[in-house]
Amino acid sequence: MRKRELAKFRKLLEEKRRSLLQKTTRTAEEGRGAVIEGGEDYVDDAVTHYTREFLLSLSDLERRQLMLVEEALVRIREGTYGECQMCGEDIGLKRLQAVPWARYCVHCQELAEREELAQSFPVRDIADEVEEE
Ligand SMILES: [Zn+2]
């Protein structure tokens, strides 16, 4: 993926993260000072520490989305953004534009969603489970 596109997606993801975190700070008073500001260089660590408490005030869906957003930001940093986390193929720009935090290509997403019906969040390591079948 080109740098310019990557930067665009990062911006989208950071905005999404901000709005999700803002939601939590409305309800989590003490978390107000801990919201990550411009923290793109330490997203993974900082977020794991700080969001644990915030997350409690989010709905499952929001919590889920925030995690996906954080993961996507980490992938941008690591240079793997845009690759399907299951099969390694390119997710595709079109899909990323619709869902910037997409983890999987369309095909793998379908598999993942089918799995999710049986067992809800989290879907981490779902690839292993699929392979075992
Ligand atoms: Zn895939």
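Residues numbered from 1 in each chain as written. Predicted model: local features only at pLDDT ≥ 70, side-chain atom pairs only at ≥ 80, totals over all residues.

### Description of the overall build of the chain
This is how it is decided: Think of it this way: any DSSP run of H or I at least four residues long counts as a helix, any run of E at least two long counts as a strand, and we number them from the N terminus. Labels follow a simple rule on C-beta atoms placed from the backbone: if 20 or more others lie within 10 Å of a residue's own, it is buried; if 12 or fewer, it is exposed; otherwise it is partly exposed. Two residues qualify as being in contact provided that their C-beta atoms, derived from the backbone, are within 7 Å of each other.
A count of helical and extended segments in the chain gives six helices and zero strands. Starting at the N terminus and walking to the C terminus, you meet the elements of the chain as α-α-α-α-α-α. Looking at the chain residue by residue over its 133 residues, the buried ones come to 23%. For the chain, long-range pairs separated by at least 24 residues make up 52% of all intrachain contacts whose partners lie at least 6 apart in sequence.

### Describing the environment of Glu83
Take Glu83: it is sitting in the loop between helix 3 (60–78) and helix 4 (93–98). Measuring from C-alpha to C-alpha, the distance between Glu83 and Arg103 comes to 7.7 Å, with 20 residues separating the pair along the chain. Not counting residues up to four positions away in its chain, the partners in contact with Glu83 are Gly88, Asp90 and Ile91.

### Quick word on the confidence of the model for the chain
The condition that has to hold: As a per-residue quantity, pLDDT reports the predictor's confidence and falls between 0 and 100.
Per-residue confidence for the chain gives a mean pLDDT of 77; residues scoring 70 or more make up 63%. No element of the chain has a lower mean pLDDT than helix 6 (residues 126–132), at 47, and none a higher one than helix 4, at 94. Overall, residues 30–36 carries pLDDT values under 50, and its contacts beyond four positions in sequence, including any with other chains, amount to eleven contacts. Every residue in residues 125–133 scores below 50 in pLDDT, and together they form six contacts with partners more than four places removed in sequence or on other chains.

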